[in-house]
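# Descriptive structure summary
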Amino acid sequence: MCPTTTASSGRHWDGSPTTARHLRALRIAADSPSRLLRTAQPGRCRACGNRIDWYTRTDHRSISLHPAELHTATVPAGSCWHVEAGIAHPGSDGTSWCRIPHLALCPRGDAPAELTPRLTELRRHLALSTRRLLDSGTFSPTADPPTRALDVAACRPARPVVQILYGRYLAAQPVEDIRCIAQTRRRERCPHPVLAPGLPAGRWTLMPATAARGQLALPAADMAVYSLSSLPYAEQLRWRAQRCPAHAAAPAAADLALADWEVFDPLVHHQHIHPRTPTAVRRRRGRS
């Protein structure tokens, strides 16, 4: 029999540790611009089920990195990342070790052409781990969203434009599916939505799709925006923090994920501009 390396490595076959780590009390500085703890943010890929580490990039977007460091000589220069002060930076930091994005190794995706033999072997190992997770029933891959008809897509935008505190943001999912990012007592993400029943909600309205001065004119004159301008100031702050009412009242609870808001740019996000509001579509269909 081939000797196993599980005992020596201290990890299970799926990469999870065999023994529980000693929990440290982490605190967030009062002057920190983000309430997200920048350490101990593990997760699992929704496509393959393998372990990943979430980090914030320099452009305030999130990136999933492979949890283990790799030798810089085995990683293409364009795939090298390093972590400094909890922030992921592209390129090497001058040492012989670096991190690599999980998308370059994910077995459910297309293999990049520049994979080295070491990365090809690691990608094959992740594919075997995915097969074990599927066979054991501990992982179910996220199904691709079904193709929607044009009228349904216009009725419920997949990524709506939301106006909060006179600023426009692009959401990552429909308004009803925006989820609280706070951490529960079980060290899991809160399952409750931000759109809480019983509290005042926003309203769909048509607003000018204006661009900055000196830029090209947009083809659409108006676009559908989910406006929260009529809500109280505290409610708009809760939406921008992406918290449910319970965790908005508990500021000591840390964030377990990054807020999904993305500053809306009508030229960059032109494919998410909808000329009709969902309520207008429903009224038109009801009259016919």
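Note: the structure precedes this text.
Residues numbered from 1 in each chain as written. Predicted model: local features only at pLDDT ≥ 70, side-chain atom pairs only at ≥ 80, totals over all residues. Heavy atoms only, no water.

### A word on the overall build of the protein
Counting its secondary structure elements, the protein contains 6 helices and 12 strands. Taking all 288 residues of the protein together, 37% fall into the buried category. A fraction of 57% describes how many contacts in the protein between residues 6 or more apart in sequence connect residues 24 or more apart. Carbon and sulfur atoms provide 55% of the accessible area of the protein, an area that totals close to 18200 Å². (Helix = DSSP H or I, 4+ residues; strand = E, 2+ residues; numbered from the N terminus. Buried < 20%, exposed > 50% of the residue type's maximum accessible area, 1.4 Å probe, protein only. Contact = heavy atoms within 4.5 Å. Areas by Shrake-Rupley, 256 points an atom, 1.4 Å probe, with all protein chains shown as cover.)

### Observations concerning the sheet that holds strand S11 (residues 222–227)
Here 5 strands make up an open sheet; going across it, the order is S10-S11-S8-S9-S12 and the pairing mixed. Since the sheet does not close on itself, it has two edges, and those belong to strand S10 (203–208) and strand S12 (262–263), each with one partner. Of the pairings in the sheet, the one linking strand S9 (residues 167–170) to S12 comprises 2 bridges and is antiparallel in character. The residue of S12 that forms the bridge with Leu170 is Glu262. (Pairing = 2+ DSSP bridges.)

### Notes on the pairing of strand S2 (residues 51–57)
Within S2, 6 of the 7 residues are buried, which leaves the element mostly enclosed by the surrounding structure. As defined by bridge partners, strand S1 (residues 42–44) adjoins S2 across 3 bridges and the pair is classed as antiparallel. For Arg44, the partnering residue across the bridge sits in S2 and is Arg51. Where S2 and strand S3 (residues 62–65) come together, 4 bridges link them in antiparallel fashion. For Thr56, the partnering residue across the bridge sits in S3 and is Ser62.

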